[in-house]
Amino acid sequence: MDAQTRMKMVDDLFSDISEKIGRLTNQGVFTFEEGSKIIRAISDKETEWMQSKFSDMEIYEFMRNNV
């Protein structure tokens, strides 16, 4: 599996989780601040994972192609 495919799979998973946290926030399970904090932590973990597994150029190419 190539780098772009791996990053896309993880990005899709993190996006799905973030969307579900957003829905739970809208339903009152989390406050806006709590939901934002959780989503920010998830985003930070995704970035950390990418930086530990891929080169800056691979990440740049992924971001350029998936924006």
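Further up the page is the structure itself.
Keep in mind that what you see is a predicted model, and the values were worked out from it rather than measured. The residue count restarts for each chain, going from 1 along the sequence in the order it is written. Local features are withheld for residues below a pLDDT of 70 in this predicted model, meaning they are given only at 70 or higher, and side-chain atom pairs are given and counted only at 80 or more; totals for whole chains, interfaces and linings count all residues. Note: side-chain values were computed over all heavy atoms of the structure, leaving out hydrogens and water.

Asker: Can you help me understand the overall build of the protein chain in this one?
Answerer: Under the scheme used here, helices are H or I runs from DSSP no shorter than 4 residues and strands are E runs no shorter than 2 residues, and both carry numbers assigned from the N terminus. Helix and strand counts for the protein chain stand at three helices and zero strands. For the protein chain, the C-alpha atoms occupy an extent of roughly 40 × 20 × 15 Å along the three principal directions. Using a 1.4 Å probe on the protein chains alone, a residue whose accessible area is under 20% of its type maximum counts as buried, one over 50% counts as exposed, and one in between counts as partly exposed. A buried classification covers 21% of the 67 residues belonging to the protein chain. For the protein chain, contacts bridging at least 24 residues in sequence account for 62% of all contacts bridging at least 6. His is not counted here, nor are the chain ends, while Lys and Arg score as positive and Asp and Glu score as negative. One atom stands in for each charge, and that atom is NZ of Lys, CZ of Arg, CG of Asp or CD of Glu. Placing the 9 positive and 13 negative side-chain charges of the protein chain at their respective mean positions leaves the two points 3 Å apart. For this analysis, residues touch if any pair of their heavy atoms sits within 4.5 Å.

Asker: What is the right way to look at the packing of aromatic side chains in this model?
Answerer: Given two aromatic rings, their pairing is described by the distance between the two centres and the angle made by the two planes. Aromatic contacts are taken between Phe, Tyr and Trp rings whose centres are within 6.5 Å, Trp giving its six-membered ring; a plane angle under 30 degrees counts as stacked, one over 60 as edge-to-face, and the others as tilted. Per the counting criterion, the structure on display carries one aromatic pair. Ring geometry for Trp49 and Phe54: centres 5.3 Å apart, planes at 75°, overall edge-to-face.

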